[in-house]
Amino acid sequence: LYRLIGSELLVLWHRMAPSGHASEMGPPGTIPPKRGGGPDNNADIPKRARLSIGEELPDEVSQQDIQHMLDQADDVHVDVINEIVLKRMVMQLERKVKHNQAMRIQHADEPDKFLKSEVDLDEEVKRFIALTTYPELYGDLIKLGAIPRLVGLLNHVNTDIAVDVFEVLSELTDPDVMADVPEPELFVKALFDAQLCQMTVDTLMRIDESASEEDAKAVTNCLTMLENLADINPVDTCSQFVEVPRMLPWLIKRVRAQGDMDYNRVYASEILGIVLQNSPASRDAMIKLEGVDKLLRGIAGYRKKDPNDSEESEYVQNMFDCLCSLMLLQDHQIAFGKVQGVELMIRMMGQRNFSSPLAVRLADHCMRHCPANCQLFVEKIGLKVLFPMFMKKGPKRKSRSDAMELEEHVTSIIQSLCRYCTGTAVARVLNKFMEQSFEKLERLMEMHDEYSRSVRNGDSGRIHGQVQKIDRELEVDDEEQLYLDRCDAGLFTLQQVDIIIVRLANMGNRQAADELGKLLNTKGVSLEAVCDILAEYCSHLDVSAAAERDELLGFARAMIRRCALDTSMAEALVQRIEAASGIAITSVADSEKETQTRPPADESEGSRVTSGRERKEKKKKTG
């Protein structure tokens, strides 16, 4: 449009030029004077200036002329793609491919003779980008068999052709486009049936990003395509790519590349996190690849220094996310402890820099249901850096949400230590709560009151319809949405606090148990509230966590017996928590006998639970 307007204005300028300047422009067909005829030959002829579109144009242009130019611009022909045009495009692509193959065979040693055929093929491939404006034709693209032909070009000898195919596929799979495609799963399935995953990895092995910006852009387009496909069908996409043996090694190598931080390195770390989160097979494969050790080496350099910019910050966060996903397997947790991952997290936590809250989160994941790492955390003097965070000493978090997230992981770590530590380690944990006139027990009561209030406010907001928008976005049922909202308001932290209270009361230290009973009364924390939170937590435990549920309920009954004002009140509370947790009701007398005869809990293995915290994190990552 700019070119058309510029040319029209140029014509108008010629037409409206004053007559006195006729000699400048000259009539059509006038032959300009020859150069070099001496200084006097051209002395009277003014030099003609070139007029480009970027120079000043005449000020006096009528409104009618401008409207005329715009009308002419509206008449410019724009190709419209329909079923017939798409069929012609597919046929032309096939002809270009066959012609290029024939020319390459005929002139194998003369690249100049098949160069034009490859340029024509390259232009034909790029034409399919225009299909993004016609998402309703994706089904016809599948029926015409164009997907295998297009994907097959990834194996073309000329890497430039494969680079353009990545660009086309990244555009065709754009989330905004796929949202308007009828049955997008069929399009994704057609891509996988055309061996997209294997050919993609083969092409990545051939591309040298350092060679040119175009090659680096090709890798970016490839990762964009993978992310777009994972956005449509995360589990199937990640599983398909993981089945290609060289995919995970390439991602690990790319995120550990030496040199300055670049965009593709950050993008590769994000893709690796998506794959590890959605594919159990990828987490299993990382055991043989020594993924924990290699990823830890990638973040070890940030123990004392902060990232230089936002891009590097995103890279560090992605690397921590990858390690957290690996901690879902106990083999990775054990490997984490063996390669001194626990010690590294303790050092990062003590630095109080950018990596400190990320290290707390990873430490929480590595100790969850892992007694060995809990013991190791205490042995490596982790309590010295953990409890100042618990007491909110040191620099304050920038926002309330960051502070709540940090307290969530800190309390989860303490709960794991109380549950899994044995011998000297558990005695050191208990001693931390008894020192300084039981100030940490008082902090527990304050946190219970604070998060109880936060959860009540969240429930009140939901009752008044303030979170209906979230319901539509997450597409979950009312019961699950209610639990997720309560977790966002601090329910998980409240559960961990109350579990710590119950466990401390049953560690066999009478002084600590008596002090807890006193603080419950003086701080206004009712025994009923603690039992209700504990019962709600037990009701959401998975079937595999039956041993933990029975243990917690046994501890609750013992604490009720010790702290309740009378027997009738104790009996009512026992029935209340057992009814809420969905198990058979046991009398207080029976609970006393059970507490005396029940063997100690097996600390060697941890049961996997499906807590509200895990559900919330899953929703955050996949949302």
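K.L.:
Give me the lowdown on a negative patch on the surface, citing residues and values where you can.
P.N.:
A surface patch of like charges, here negative, comprises Glu-83, Glu-136, Asp-176 and Asp-180. Here Glu-136 lies in the loop between helix H5 (111–126) and helix H6 (138–143).

K.L.:
Mind laying out unusual backbone geometry, listing which residues take part and the relevant values?
P.N.:
Here Glu-290, not a glycine, exhibits a phi torsion of approximately 55°, which is positive. Residue position: Glu-290 is located in the loop between helix H16 (280–288) and helix H17 (291–299). For His-369, which is not glycine, the phi torsion reads 60° and is therefore positive. Mapping His-369 onto the fold places it in the loop between helix H21 (355–367) and helix H22 (371–379). Residue classification places His-369 among the buried positions, given a relative accessible area of 6%.

K.L.:
Now, about helix H28 (residues 491–505): what can you tell me, with residues and values included?
P.N.:
Turn by turn, an α-helix covers 3.6 residues, leaving residues three or four places apart pointing in a common direction. Taking 1.5 Å of rise per residue, 15 residues should cover 21 Å, and H28 covers 21 Å from first to last C-alpha, within 8% of that figure. For H28, a buried count of 15 out of 15 residues is recorded, marking the element as mostly surrounded by other parts of the structure.

K.L.:
Before we move on, could you go through the pattern of salt bridges and cite the residues and values that matter?
P.N.:
Evaluated as defined, the whole model comprises 25 salt bridges. Two residues, Glu-407 and Arg-443, come together in a salt bridge whose shortest N-O distance is 3.0 Å. Of the two residues, Glu-407 sits in helix H24 (residues 400–420) while Arg-443 sits in helix H25 (residues 424–463), which places them 36 residues apart along the sequence. Relative accessible area serves as the criterion here: at 6%, Arg-443 is assigned to the buried category. The salt bridge involving Lys-440 is made with Glu-439; its shortest N-O contact spans 3.6 Å. Glu-439 sits in the partly exposed class, given a relative accessible area of 24%. A single salt-bridge network, built from bridges that share partners, covers Lys-392, Glu-407, Arg-443 and Glu-446.

K.L.:
Help me get a handle on the confidence of the model for the protein, residues and values and all.
P.N.:
A residue-level look at the protein finds 79% of positions with pLDDT of 70 or above and a mean pLDDT of 82. In the predicted structure, residues 468–474 sits below a pLDDT of 50 and forms seven contacts with residues beyond four places in sequence or in another chain. The model gives residues 618–623 a pLDDT under 50, and that stretch makes 10 contacts with residues more than four places away or in other chains.

K.L.:
Could you give an account of the side chain of Ser-170, naming the residues involved and the relevant values?
P.N.:
Following the sequence through the fold, Ser-170 ends up in helix H8 (residues 159–172). Under the relative-accessibility criterion, Ser-170 is labelled buried at 6%. Residues within four places of Ser-170 in sequence aside, it is in contact with Asn-221, Thr-224, Met-225 and Asn-228.

K.L.:
So, the nonpolar core: which residues are in play, and what are the values?
P.N.:
By size, the foremost hydrophobic cluster in this structure holds 168 residues, and its most contacted members are Met-345, Leu-417 and Phe-433. With 12 residues, H25 is the largest single contributor of residues to this core. Residue contacts for Leu-417: discarding those within four places in its chain leaves Met-367, Cys-374, Phe-377, Val-378, Leu-383, Leu-386 and Val-429.

K.L.:
Quick one: what's the story with helix H11 (residues 196–206), residue by residue and with numbers?
P.N.:
Among all positions of H11, only Leu-196, Cys-197, Met-199, Thr-200, Val-201, Thr-203 and Leu-204 are buried. Where H11 is buried, its residues contact helix H7 (146–152), H8, helix H10 (184–193), helix H12 (213–232), helix H13 (234–242) and helix H14 (247–255).

K.L.:
I'd like to hear about the environment of Val-119, residue by residue, with values.
P.N.:
Locating Val-119 in the fold gives a position in helix H5. Distance in space between the C-alpha atoms of Val-119 and Ile-161 is 9.0 Å, their sequence separation being 42 residues.

The rules behind the values
Residues numbered from 1 in each chain as written. Predicted model: local features only at pLDDT ≥ 70, side-chain atom pairs only at ≥ 80, totals over all residues. Heavy atoms only, no water. Patch = residues over 30% accessible without salt bridge, like charges linked within 9 Å, V, L, I, M, F, W, Y side chains within 5 Å. Areas by Shrake-Rupley, 256 points an atom, 1.4 Å probe, with all protein chains shown as cover. Salt bridge = Lys/Arg side-chain N within 4 Å of Asp/Glu carboxyl O. Lys, Arg positive; Asp, Glu negative; His and termini not counted. Charge placed at Lys NZ, Arg CZ, Asp CG, Glu CD. Helix = DSSP H or I, 4+ residues; strand = E, 2+ residues; numbered from the N terminus. Buried < 20%, exposed > 50% of the residue type's maximum accessible area, 1.4 Å probe, protein only. Expected span 1.5 Å × (residues − 1). pLDDT = per-residue confidence, 0-100. Contact = heavy atoms within 4.5 Å. Core = buried A, V, L, I, M, F, W, Y, C linked by side-chain atoms within 4.5 Å.

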